[in-house]
Amino acid sequence: MHHSSKGLHWFNAGKTHPVELAIDVFVEGVVTGRLGMSRDQLTIHQAIRFMYGALEHANIDLRSGPLDHVFSTPDLHRWHHSTVYGEGDSNYGVVTSVWDKLFGTWFRPDDRVGPDELGVGRMPDFPDRFVGLQRVPLDWAKIRQRNAATWDATPGAPAN
């Protein structure tokens, strides 16, 4: 659902399925509670997390240079939303890019500012309306079947 948008905008950071959001909030609440965070600390943490996610998905042309090697910047994260598999299967870090560097999923070419196309590359026939997006978990088998030709395409190849 998060990758169904054809462009990056600050509100894409919060574009998640309600069930995923509920699980995320529950898990984060349990973890932060176990760490002993107070309600005020959790509120501050959530506000910073929201603002960083909005910045990371902002539609801004910003070259971050060496910061990309440490942080998941807007410049770096936009590649994660590319429809080209070799570009989109990268940059999974939410705040830091250190794990991507460590696991070989870091991607930022020097010769381009951003990907040519954003969206769900392996599934060009993917719902893009609210109700359809809410039904994705229930309709997953049908969606995958409708996109069978591109689902198993060679990694690195364009989806269309």
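Asks: Whenever I open this one, the environment of His 81 confuses me. Can you help?
Replies: Assignment of secondary structure puts His 81 in the loop between α3 (74–77) and α4 (85–88). Judged by relative accessible area, His 81 falls into the buried class, the value being 4%. Considering only alpha carbons, one finds His 81 and Gly 7, 74 residues apart in sequence, at a separation of 8.6 Å. Among residues more than four places away in sequence, those in contact with His 81 are His 2, His 3, Leu 8, His 57, Glu 117, Leu 118 and Gly 119. A distance of 3.3 Å separates polar atoms of two side chains, one belonging to His 81 and the other to His 57.

Asks: What is the right way to look at the confidence of the model for the protein in this model?
Replies: Detail in the predicted coordinates should be disregarded across regions flagged by low pLDDT. Overall, the predicted model of the protein reaches an average pLDDT of 83, with 94% of residues at or above 70. Within the protein, no element has a lower average pLDDT than helix α8 (residues 148–151), which sits at 79, and none a higher one than helix α5 (residues 98–103), at 94.

Asks: Please clarify how helix α1 (residues 18–34) should be interpreted in this entry.
Replies: With 17 residues, α1 extends 24 Å from end C-alpha to end C-alpha; this agrees with the ideal 24 Å at 1.5 Å per step. With its phi angle positive at about 85°, Gly 36 sits one or two positions after the end of α1.

Asks: Please explain the packing of aromatic side chains as it appears in this structure.
Replies: Aromatic ring pairs are defined here through the distance separating the ring centres and the angle between the ring planes. The tally for this structure, following the rule as stated, stands at two aromatic pairs. Here the aromatic rings of Trp 79 and Phe 107 are separated by 5.4 Å at their centres, their planes lie at 80°, and the arrangement is edge-to-face. Here Phe 107 lies in the loop between α5 and α6 (130–134) and Trp 79 lies in the loop between α3 and α4, a separation of 28 residues in the sequence. Accessibility expressed as a relative area gives 0% for Trp 79, which makes it buried. Residues Trp 99 and Phe 103 carry aromatic rings whose centres are separated by 6.1 Å and whose planes lie at 20° to one another, so their mutual orientation is stacked. Placement of the pair is Trp 99 and Phe 103 together in helix α5, with a separation of four residues, close to one helical turn. When the ring centre of Trp 106 is taken as reference, the NZ or CZ atom of Lys 101 above it lies at 4.1 Å.

What counts, and where the lines are drawn
Residues numbered from 1 in each chain as written. Predicted model: local features only at pLDDT ≥ 70, side-chain atom pairs only at ≥ 80, totals over all residues. Heavy atoms only, no water. Helix = DSSP H or I, 4+ residues; strand = E, 2+ residues; numbered from the N terminus. Buried < 20%, exposed > 50% of the residue type's maximum accessible area, 1.4 Å probe, protein only. Contact = heavy atoms within 4.5 Å. Polar contact = N/O pair within 3.5 Å; in protein donor to acceptor, adjacent residues only side chain to side chain. pLDDT = per-residue confidence, 0-100. Expected span 1.5 Å × (residues − 1). Phe/Tyr/Trp six-rings, centres within 6.5 Å; stacked < 30°, edge-to-face > 60°. Lys NZ or Arg CZ within 6 Å of the ring centre and 35° of its normal.

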